[in-house]
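Each chain, letter by letter, is given below.
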Amino acid sequence: MEKEKITLPIGNNKALIFEAEPGNKADQDFAKLCKEVAATQPQSIQDFFTRLSNLQQQQSPATGRKTGRKM
């Protein structure tokens, strides 16, 4: 199966290319996040990954330790 190439523009003269497996849900979800970040027009690769990290942290539920009753 051929991978889908997703081009993510960074600034005026750079781009990242992500190759996603079409049948892999995790790859497709990550590609969607990357496209959302690229739409904000980051000017550097560092800015892109900072924005991506912030977006991932906003979307992931707060992982907290489950507390239960002890007997």
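Participant: Where do I start with the overall build of the protein in this structure?
Facilitator: The helix and strand tally for the protein stands at 2 helices and 2 strands. Helices and strands in the protein line up, N terminus first, as β-β-α-α. Here the protein, with 71 residues, has 21% of them falling under the buried criterion. A separation of at least 24 residues holds for 30% of the contacts in the protein among residues at least 6 apart in sequence. For the protein, the exposed area adds up to about 5900 Å²; of that, 50% sits on carbon and sulfur atoms.

Participant: Help me understand the pattern of salt bridges, please; the structure alone is not making it clear to me.
Facilitator: Where charged atoms from two side chains of opposite charge approach closely, those side chains can pair. Going through the model one piece at a time under the given rule, you end up with 3 salt bridges. Where E19 meets K5, a salt bridge forms, and the shortest distance between an N and an O atom there is 3.8 Å. You can see E19 sitting in strand β2 (residues 14-20) and its partner K5 sitting in strand β1 (residues 4-10), a full 14 residues away along the chain. Residue E19 is classed as partly exposed on the basis of its relative accessible area, which comes to 39%. The closest approach of N and O atoms between R51 and D47, which form a salt bridge, is 2.9 Å. A residue pair is termed a helical-turn pair when its members lie 3 or 4 positions apart in one helix, as R51 and D47 do in helix α2 (residues 45-59) at 4 residues.

Conventions we followed
- Just so you know, the residues in each chain are numbered from 1, in the order the chain's sequence is written.
- Only residues with pLDDT of 70 or above have their local features reported here, since the model is predicted, and side-chain atom pairs are shown and tallied only from 80 upward, although totals for entire chains, interfaces and linings are computed over all residues.
- Side-chain numbers here rest on the full set of heavy atoms in the structure, without hydrogens or water.
- Helical segments are the DSSP runs of H or I of at least four residues, strand segments are the runs of E of at least two, and each set is numbered from the N terminus.
- Type-normalised accessible area, obtained with a 1.4 Å probe on protein chains alone, sets the label of each residue: buried when under 20%, exposed when over 50%, and partly exposed for intermediate values.
- It only takes one pair of heavy atoms within 4.5 Å for two residues to be counted as in contact.
- Reported accessibility uses the Shrake-Rupley method at a 1.4 Å probe radius. Residues are deemed covered only where the shown protein chains occlude them.
- Whenever Lys or Arg places a side-chain nitrogen within 4 Å of a carboxyl oxygen from Asp or Glu, that contact is recorded as a salt bridge.

By themselves, these are just geometric observations and shouldn't be taken as functional.
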